[in-house]
Amino acid sequence: MRNETRGEPMAEKLSLYLHIPFCRSKCDYCDFYSLAGRDDRMDDYQKALVKHLKEAAPRVKGYPVESVYFGGGTPSYYGEKRIRELLGVVRRHYNVCHDAEITMEANPDSVNRRDLAWLRFAGVNRLSLGIQSTCDRELSALHRPHTFAQAREAVLAARAAKFKNISLDLICGLPGQTLEGWKDTLEQAVRLAPEHLSCYGLKVEEGTPLAARAARGELLPDDDAQADMYLWAVKRLAEAGYRQYEISNFARSGFQSRHNLRYWMMKPYLGFGPGAHSDFGGRRFSFVKDLDAYIDGILNGGTVMDSSETIPQRERSGEYLMLCLRTTRGIEEWEYRRTYFMNFDAIEGKLAEFEHRGWATRAGNRWRLTPEGFLLSNQLIVELMERQEAAALSGTLERLRHVADKMGRTAKEVGHGAEPPEKP
């Protein structure tokens, strides 16, 4: 890509993620870094985030910013004035594209028409609402701080505020949920006419209240029941005009999440805030999962880095398989060979096995997983990566044998040439 005015090469596009870790209450299933009852630190956190954004900006000067994402926690609970201030800092100090996708996550109980109108005026153009279920009993079982009536009101308020890109988050496999209950949730969500839907299967994460409840014997839908819910959703959403483009994500044409696609397509991004991750300049790094330590480190010059590593090309090739196979775009033979200089044959052989079992499909040289394959994606991707490593090791051993053989021949030739002359 070239600069349109100067004819110079342009930097690769960049995405920004701003983590807002505050919540009104903590949901039983959540293992993200988020905090309830820490509103007293909001003003200090705002100062730290503003300072961090300004300090990092010169390092990415010239990079066009294609997307900005306010995630959490609950950014809408943080307050529209703070979000608008942060967005203003980003616009002043970063090269934000005129058509950038700017997303804010929100809970239905913490939005209203007035605040949403201010946010829309400031440039937020995509709203991601965490509805999770349309059944109040299921919401209460998760300790969600809202009802479905509030979710409907939130969508109406967003439309009144001129939002034309709304995404709804839903979870299948909730405590006490049946297939019929999930169907009702999805049908009611579709009637709200969002442009995008994310349908996640419930995961019981270690250390969460839900994990403790499950350990005490609370019953959850089993894997087969959750699989039935997922496959029904894929079929029903296709009928309703929502095209699946990632394991859990569905959108009307032109409304795929550009920000999340950049993650899955391994494009560079910078994260800000406690627990935020970045992938930039061939290096992956993250910040401490500690609100107080992050604030103190930024404002007083301390250390906020939690991890940092340079990613070898071999590891990137594994990430290519892991991330791109989450999408319906999938992976492509020559894309893989050209980028990682590795042989695709062993991987293709394994994919052919998956195809025979209905877990993968091929169009030309491009492979992707089927909805049934998506259900087994973790297992299938591990098998592909193991096949990749075995092929790479075999290639290395073959090269070593070739080198050893060549060295042996060379040594023999040198040895012959160095024999002492016979005595007369």
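Use the structure listed above.
These figures come from a predicted structure and were not determined experimentally.

About the cut-offs
- Residues numbered from 1 in each chain as written.
- Predicted model: local features only at pLDDT ≥ 70, side-chain atom pairs only at ≥ 80, totals over all residues.
- Heavy atoms only, no water.
- Salt bridge = Lys/Arg side-chain N within 4 Å of Asp/Glu carboxyl O.
- Helix = DSSP H or I, 4+ residues; strand = E, 2+ residues; numbered from the N terminus.
- Buried < 20%, exposed > 50% of the residue type's maximum accessible area, 1.4 Å probe, protein only.
- Pairing = 2+ DSSP bridges.
- Axes fitted to C-alpha atoms, helices over the stretch in contact; angles between N-to-C directions.
- Parallel < 35°, antiparallel > 145°, perpendicular 65-115°, else oblique.
- Left-handed = near helix turned anticlockwise from the far one by under 90°.
- Contact = heavy atoms within 4.5 Å.
- Nonpolar A, V, L, I, M, F, W, Y, C, P; charged D, E, K, R; others polar.
- Phe/Tyr/Trp six-rings, centres within 6.5 Å; stacked < 30°, edge-to-face > 60°.
- Lys NZ or Arg CZ within 6 Å of the ring centre and 35° of its normal.
- Expected span 1.5 Å × (residues − 1).
- Core = buried A, V, L, I, M, F, W, Y, C linked by side-chain atoms within 4.5 Å.
- 1 Å grid on protein atoms, 1.4 Å probe; cavity = no way out; pocket = protein on both sides within 12 Å on 5 of 7 lines; lining within 4 Å.
- Points joined across faces, edges and corners; volume = space filled by probe spheres on them.

### Quick word on the pattern of salt bridges
Here comes step 1: In total, this model carries 36 salt bridges according to the counting rule given.
Here comes step 2: Here Glu353 ties to Lys350 by a salt bridge, and the two come within 3.3 Å at their closest N and O atoms. Here Glu353 and its partner Lys350 are both found in helix α14 (residues 345-356), three residues apart, which amounts to about one turn of the helix.
Here comes step 3: A relative accessible area of 38% means that Glu353 is categorised as partly exposed.
Here comes step 4: With a closest N to O distance of 3.8 Å, Glu355 and Arg362 form a salt bridge.
Here comes step 5: Its relative accessible area of 32% is what places Glu355 among the partly exposed residues.
Here comes step 6: Since its relative accessible area comes to 39%, Arg362 is described here as partly exposed.

### Considerations on the pairing of strand β16 (residues 360-363)
Here comes step 1: Note: β16 against strand β17 (residues 366-369), four bridges, orientation antiparallel. Across the sheet, the residue bridging to Ala363 is Arg366, located in β17.

### Considerations on the sheet that holds β17
Here comes step 1: Read across the sheet, three strands follow the order β15-β17-β16 without closing on themselves; strand pairing throughout is antiparallel. Strand pairing shows two members of the sheet lacking a second neighbour, β15 (331-332) and β16, which therefore form its edges.
Here comes step 2: Sheet topology note: the β15/β17 ladder contains two bridges and is antiparallel. The residue bridging Glu332 from the neighbouring strand is Arg366, located in β17.

### Remarks on the packing of helix α12 (residues 313-324) against helix α13 (residues 333-340)
Here comes step 1: At a closest axis distance of 10 Å, the pairing of α12 and α13 adopts a crossing angle of 160 degrees. The angle between α12 and α13 places the two elements in the roughly antiparallel class. Handedness of the α12/α13 crossing: right-handed. On α13, the residues touching Gln313, Arg316, Ser317, Tyr320 and Leu321 of α12 are Glu335, Tyr336, Thr339 and Tyr340.
Here comes step 2: Its residues assigned to classes, the contact of α12 with α13 shows four nonpolar, three polar and two charged.

### Thoughts on the packing of aromatic side chains
For any two aromatic rings, the description comes down to two numbers: the centre-to-centre distance and the angle of the planes.
Here comes step 1: On inspection of all chains with the given rule, the structure shows 16 aromatic pairs.
Here comes step 2: Aromatic pair Phe22 and Tyr78: ring centres 5.6 Å apart, planes at 5 degrees, arrangement stacked. Placement of the pair is Phe22 in strand β2 (residues 22-23) and Tyr78 in helix α2 (residues 75-78), with a sequence separation of 56 residues.
Here comes step 3: Exposure remark for Phe22: the relative accessible area of 0% places this residue in the buried category.
Here comes step 4: Owing to a relative accessible area of 0%, Tyr78 belongs among the buried residues under this scheme.
Here comes step 5: In textbook terms, an aromatic cluster arises when at least three aromatic residues are bridged by ring pairs, as seen for Phe22, Tyr45, Tyr78, Phe285, Phe287 and Tyr294.
Here comes step 6: Positioned above the aromatic ring of Tyr242, the side-chain terminus of Arg252 is 4.2 Å from the ring centre.
Here comes step 7: Cation over ring: Arg337 sits above Trp334, and NZ or CZ is 4.9 Å from the ring centre.

### Some remarks on α12
Here comes step 1: The end-to-end C-alpha separation of α12 is 16 Å, in line with the 16 Å expected for twelve residues at 1.5 Å each.
Here comes step 2: Within the sequence span of α12, burial applies to Arg316, Ser317, Gly318, Glu319, Tyr320, Leu321 and Cys324.

### Comments concerning the nonpolar core
Here comes step 1: Formed by 103 residues in total, the largest nonpolar core has its most connected members in Tyr94, Phe272 and Tyr294.
Here comes step 2: Residue contributions to this core peak at seven residues, all from helix α1 (residues 42-56).
Here comes step 3: Those residues in contact with Tyr294 that lie beyond four places of it in its chain are Tyr45, Ala48, Leu49, His52, Phe272, Gly273, Pro274, Phe287, Val288 and Val304.
Here comes step 4: Counting eight residues, the second largest nonpolar core, distinct from the first, contains Tyr29, Leu142, Ile171 and Leu202.

### Considering empty space enclosed by the protein
Here comes step 1: Under the criterion given, the structure shown has one cavity of 30 Å³ or more.
Here comes step 2: Each pocket or cavity is described by its volume, and for the largest cavity that value is around 50 Å³.
Here comes step 3: In this structure, the largest cavity is lined by Pro75, Ser76, Gly79, Glu80, Ile83, Met104, Ser110, Val111, Asp115, Leu116 and Leu119.
Here comes step 4: At the level of secondary structure, the elements contributing two or more residues to the lining of the largest cavity comprise α2, α3 (80-93) and α4 (113-122).
Here comes step 5: Per-element accounting of the lining of the largest cavity gives the leading share, three residues, to α4.
Here comes step 6: Counted by class, the lining of the largest cavity contains six nonpolar, three polar and two charged residues.

In short, shape yes, function no, at least from these values alone.
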